[in-house]
Amino acid sequence: DTEVTQTPKHLVMGMTNKKSLKCEQHMGHRAMYWYKQKAKKPPELMFVYSYEKLSINESVPSRFSPECPNSSLLNLHLHALQPEDSALYLCASSHPPGQEDNEQFFGPGTRLTVL
Amino acid sequence: GQQVMQIPQYQHVQEGEDFTTYCNSSTTLSNIQWYKQRPGGHPVFLIQLVKSGEVKKQKRLTFQFGEAKKNSSLHITATQTTDVGTYFCAGKRYGGATNKLIFGTGTLLAVQP
C-alpha cells in the first residue's frame, strides 16, 4: 500500500468553527508532514513529525494545531481560522531522516475554504 | 533564508517539442528531488539526485544535478499531452538533520496537441 489518504476532500468552515483534517498512511513511514499550498504556489511546509514527535513547526499560527496519535495517523486541528487560510492542505509521509530513500508520498489534499 | 528558484515560471510547447526547467538554490544542497503535480492533483515524486554531477534518465525525462550541488535541471524530450503539470524541484539543505525539503517555485508546463 503506497497511498496516503486524507479526509475530508473539501471543507468549508466559518471563522468561529472548529474542524479537523485527517491523514493516514500504512507504509510504515515514521515521518509525516503538513503542507499548505496556495494556488500557483509551491507547497509550504507547516509541521513535521518524526517518530510521532513534533520536530519542526515552521512558525505556524496557533490556530493550527497538529497531532500525531500514532505512527499511521496525523491530524490537523483548526480553530478560529481566517479567510486567508483558505488553501489546499497536503499531508505527506516518508522514511525518517538518515535513510537514503526519503521521497515524500503526498495525499490528495483537503481543499479548505474559510468564510 | 534558503531559496530555491525555478525558471521559467511557465512554458507552453507544441506536442513533440522539448522542454527544460532549471532549478537554482541559494545554498548547497545534500540532495534534490523532483515532483510533478498535475492540475487539480497532488505532488508525485519523480526522482532523487544525490551526487555532484549526477545524471539520471527515466524514459523521455533526463535529470541533472550540478557539480556544485546548487542547481539542477529536468529535460523532457518530445513532450506529450500527458506531461502537462507543474514540475517542482525540492532541495534538502546540506548538513540538515531533518527531512525538511525546500520546494522550488515550480514550472507550469502546457502542451498543445
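Basis of the calculations
Residues numbered from 1 in each chain as written. Chains lettered and ligands numbered in written order. Predicted model: local features only at pLDDT ≥ 70, side-chain atom pairs only at ≥ 80, totals over all residues. Heavy atoms only, no water. Contact = heavy atoms within 4.5 Å. Buried area = accessible area lost by both parts, 1.4 Å probe. Salt bridge = Lys/Arg side-chain N within 4 Å of Asp/Glu carboxyl O. Polar contact = N/O pair within 3.5 Å; in protein donor to acceptor, adjacent residues only side chain to side chain. Helix = DSSP H or I, 4+ residues; strand = E, 2+ residues; numbered from the N terminus. Buried < 20%, exposed > 50% of the residue type's maximum accessible area, 1.4 Å probe, protein only. Core = buried A, V, L, I, M, F, W, Y, C linked by side-chain atoms within 4.5 Å. Pairing = 2+ DSSP bridges. Axes fitted to C-alpha atoms, helices over the stretch in contact; angles between N-to-C directions. Disulfide = S-S within 2.5 Å.

(A) Quick look at the interface of chain B and chain A. Taken together, the contacts link 18 residues of chain B with 23 residues of chain A. Taken together, both faces of the contact between chain B and chain A bury some 1600 Å²; the carbon and sulfur share is 54%. On the chain B side of the interface with chain A, the three residues burying the most area are Asn99, Lys100 and Phe103 of chain B, jointly 35% of the side's total. In this assembly, chain B and chain A are joined by one salt bridge. Between Lys100 of chain B and Glu58 of chain A there is a salt bridge, with its nearest N and O atoms 2.9 Å apart. Across the chain B-chain A interface, the total number found is four residue pairs in polar contact (both at pLDDT 80 or more).

(B) Up close: the pattern of salt bridges. According to the stated counting rule, one finds five salt bridges over all chains in the structure shown. One salt bridge in this structure joins Asp85 of chain A and Arg63 of chain A, with 2.7 Å as the shortest N-O distance. Of the two residues, Asp85 of chain A sits in the loop between strand E8 (73–79) and strand E9 (87–94) while Arg63 of chain A sits in the loop between strand E6 (53–57) and strand E7 (64–70), which places them 22 residues apart along the sequence. Using a relative accessible area of 24% as the deciding quantity, one classes Arg63 of chain A as partly exposed. Residues Arg60 of chain B and Asp83 of chain B are paired through a salt bridge, measuring 2.9 Å at the closest nitrogen-oxygen approach. Taken together, the positions of Arg60 of chain B in the loop between strand E6 (55–58) and strand E7 (61–65) and Asp83 of chain B in the loop between strand E8 (71–76) and strand E9 (85–93) put the pair 23 residues apart, joining distant regions of the chain. Among the residues examined, Arg60 of chain B registers a relative accessible area of 23% and is labelled partly exposed. Its relative accessible area of 5% is what places Asp83 of chain B among the buried residues.

(C) Up close: the side chain of Asp85 of chain A. Residue and element names in this part refer to chain A. With relative accessibility at 2%, the residue Asp85 sits in the buried group. In this structure the side chain of Asp85 is engaged in a polar contact, spanning 2.7 Å, whose partner is the side chain of Arg63. In this view, Asp85 contacts Lys36, Arg63, Phe64, Leu112 and Val114; residues no more than four positions away in its chain are not counted.

(D) Quick peek at the nonpolar core. Residues Trp34, Phe64, Leu76 and Leu78 of chain A are the most contacted members of the largest nonpolar core, which totals 23 residues. Broken down by secondary-structure element, the contributors of at least two residues to this core are strand E2 (10–13), strand E3 (18–25), strand E4 (31–37), strand E5 (44–50), E7, E8, E9 and strand E11 (110–114) of chain A. With residues up to four places along the chain from it excluded, the contact list for Leu78 of chain A reads Leu11, Met13, Asn17, Lys18, Lys19, Leu21, Arg63, Phe64 and Leu112 of chain A. By size, the runner-up hydrophobic cluster in this structure holds 20 residues, among which are Cys23, Leu29, Leu61 and Leu74 of chain B.

(E) Looking closely at the sheet that holds strand E1 (residues 4–7) of chain A. Residues and elements named next belong to chain A. Strand order in the open sheet made by the four strands is E1-E3-E8-E7, with antiparallel pairing throughout. Only two strands of the sheet have a single partner each, and these edge strands are E1 and E7. For this sheet, the mean inter-axis angle between neighbouring strands, taken without regard to orientation, is 20 degrees. In terms of strand pairing, E3 meets E8 through seven bridges, oriented antiparallel. Opposite Cys23, over in E8, you have Leu74 as the bridge partner.

(F) Region of interest: the state of the cysteines. Under the criterion given, the structure shown has two disulfides over all chains. Between the sulfur atoms of Cys23 of chain A and its disulfide mate Cys91 of chain A the distance is 1.8 Å. Given an S-S torsion of about -70 degrees, the disulfide between Cys23 of chain A and Cys91 of chain A has left-handed geometry. Here the residue Cys23 of chain A occupies a position in strand E3, and Cys91 of chain A occupies one in strand E9, the gap between them amounting to 68 residues. Neither Cys23 of chain A nor Cys91 of chain A differs from the other in exposure class; each is buried. With a sulfur-sulfur separation of 2.0 Å, Cys23 of chain B is cross-linked through a disulfide to Cys89 of chain B. Judged by the sign of its S-S torsion, about 80 degrees, the bond between Cys23 of chain B and Cys89 of chain B is right-handed. Taken together, the residues Cys23 of chain B in strand E3 (residues 19–25) and Cys89 of chain B in strand E9 connect sequence positions 66 residues apart. By relative accessible area, Cys89 of chain B is classed as buried at 0%. Free of any disulfide, Cys68 of chain A has its nearest cysteine sulfur in Cys91 of chain A, 9.2 Å distant.

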